[in-house]
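# Analysis of the macromolecular model
Next come the chains, spelled out residue by residue.
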Amino acid sequence: MEKLRCAILDDYQGVSMRLADWSSVSAQVEVTVFREHFSGEGELVAALSPFDILVVMRERTPFPKALIERLPRLRLLVTSGMRNASIDLAAATARGVTVCGTASATEPPVELTWALILALARNVVGESTAFRQGGPWQHSVGVDLHGKRLGLLGLGKIGSRVARVGAAFGMDVVAWSPNLTDARAAEVGVTRAPSKEALLETSDFVSIHLVLGERSRGLVGRAELARMRPTAYLINTSRAAIVEQAALVEALQQGVIAGAAVDVFETEPVPADDVLRRLPNLLATPHLGYVSQGNYATYFREAVEDIRAFLDGAPIRRLG
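Cut-offs and rules
- Residues numbered from 1 in each chain as written.
- Predicted model: local features only at pLDDT ≥ 70, side-chain atom pairs only at ≥ 80, totals over all residues.
- Heavy atoms only, no water.
- Helix = DSSP H or I, 4+ residues; strand = E, 2+ residues; numbered from the N terminus.
- Rg over C-alpha atoms; globule rule 2.2 N^0.38 Å.
- Buried < 20%, exposed > 50% of the residue type's maximum accessible area, 1.4 Å probe, protein only.
- Contact = heavy atoms within 4.5 Å.
- Areas by Shrake-Rupley, 256 points an atom, 1.4 Å probe, with all protein chains shown as cover.
- Lys, Arg positive; Asp, Glu negative; His and termini not counted.
- Charge placed at Lys NZ, Arg CZ, Asp CG, Glu CD.
- Salt bridge = Lys/Arg side-chain N within 4 Å of Asp/Glu carboxyl O.
- Core = buried A, V, L, I, M, F, W, Y, C linked by side-chain atoms within 4.5 Å.
- Pairing = 2+ DSSP bridges.
- Axes fitted to C-alpha atoms, helices over the stretch in contact; angles between N-to-C directions.
- Right-handed = clockwise from strand over helix to strand, strands pointing away.

## Quick word on the overall build of the protein chain
- A tally of regular secondary structure across the protein chain gives 11 helices and 12 strands.
- Since a compact globule built from 320 residues should have a radius of gyration of about 20 Å, the 22 Å found for the protein chain is in line with a globular shape.
- Taken along the three principal axes of its C-alpha coordinates, the protein chain extends 65 × 50 × 35 Å.
- Relative to its full complement of 320 residues, the protein chain shows a buried share of 48%.
- Across the protein chain, contacts joining residues at least 24 apart in sequence account for 65% of those joining residues at least 6 apart.
- Surface exposure of the protein chain reaches about 15,200 Å², of which carbon and sulfur atoms provide 52%.
- Put simply, the protein chain has 34 plus and 35 minus side-chain charges, and the middle of one group is 2 Å from the middle of the other.

## Considering the pattern of salt bridges
- Tallied over the full model, the rule gives 15 salt bridges.
- Between R222 and E250 there is a salt bridge, with the nearest N and O atoms lying 2.8 Å from each other. Of this pair, R222 sits in helix α9 (residues 222-227) while E250 sits in helix α10 (residues 245-253); the two residues are 28 residues apart in sequence, bridging distant segments of the chain.
- R222 gets classed as partly exposed once you look at its relative accessible area, which sits at 47%.
- E302 is paired through a salt bridge with R317; the nearest N and O atoms lie 3.4 Å apart. Of this pair, E302 sits in helix α11 (residues 293-311) while R317 sits in the segment after α11, and the two are 15 residues apart along the sequence.
- The class for E302 is buried, based on a relative accessible area of 11%.
- The exposure class assigned to R317 is partly exposed, which follows from its relative accessible area of 25%.

## Quick notes on the nonpolar core
- Counting 30 residues, the largest nonpolar core has L153, L199, L225, M228, L234 and L248 as its most contacted members.
- Residue assignment for this core shows that the elements contributing at least two residues are β7 (172-176), α8 (196-202), β9 (205-208), α10 and β11 (259-262).
- With 5 residues, α10 is the largest single contributor of residues to this core.
- Ignoring anything within four residues of it in the chain, the contact list for L234 reads V206, I208, L225, M228, V243, L248, I257, G259, A260 and A261.
- Membership of the second largest hydrophobic core comes to 26 residues, among which are L116, A163, I235 and A261.

## As for the sheet that holds strand β4 (residues 76-79)
- Here 5 strands make up an open sheet; going across it, the order is β2-β1-β3-β4-β5 and the pairing parallel. Both edges of this open sheet fall to β2 (29-33) and β5 (98-100), since each of them pairs with a single strand only. Strand-to-strand twist across the sheet, computed as the mean angle between neighbouring axes with direction ignored, equals 15°.
- Note: strand β1 (residues 4-8) against β2, 5 bridges, orientation parallel.

## Let's talk about the pairing of strand β10 (residues 233-236)
- Burial along β10 is two-sided: Y233 and I235 facing one way and L234 and N236 facing the other are all buried.
- Here β9 pairs with β10 via 4 bridges, running parallel. Note that in β10 the partner of S207 across the bridge is I235.
- Handedness of the crossover joining β9 and β10 through α9 is recorded here as right-handed.
- Summarising the sheet, β10 and β11 pair through 4 bridges and their orientation is parallel. Across the sheet, the residue bridging to Y233 is G259, located in β11.

What follows is the structure, given as structure tokens:
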């Protein structure tokens, strides 16, 4: 019997085949790994048309209706994580495509958030670069975290963990989201800000931990950034569309805020000539929030399980 063909997309580091045991499906499935990113629909259709199964990494490659309809052989789409807003689940269902997910840990994005906050506060990148390039021995004065206010937009699984670390540093932690209650805030050990505006106006560090939706899209724009202190920092490891990118660029260029750290972008990978790559008060990482050995091992191990279950006629972890 002819094997089904499976493509693993956007495996930038080339680790998918060694972080999971694919032997349970190898007799029935031939696997091809793509490390490069396909940027356009035409490229995607040309590359993926021969495949019956696709394994995708989070939202790196969107699957809108138009693309799904141009992949007639596609039968199974596996995404890392149990939520992927870039997949049109209705279109997949209409075309008879099964969509499955995997578990995803909350610890990695929490850890990256704190790596970014600490790097911002102590100018780690600038000082390290000067050290390597023979520059000045100490040229900045770090910002203390102890005694400062950490404002969290969102207090879910990730936000609550970020809050506890902030408290361990001796920070005054406040939080706000549209549905946050005093009881939930007290449960985490933080104070509920009376409004988004109050949080922005009084926080020294503002970190975003909201799910992207209609209410959170564009939640932080020009008016919101203007409310922040000129000495404050914005951190976004959630979703790019929560912050209006043009407004953030303007705020950084004009010194409306002291700086920002961003791990998520409207277009990924970010074009080489993008202004974001040239802002001296922006610390940027290439969407590393979920990129850790433990998380990747879970993603690919459970992707294999999803494929095995599909082959057995009993799909698991279905989305939509």
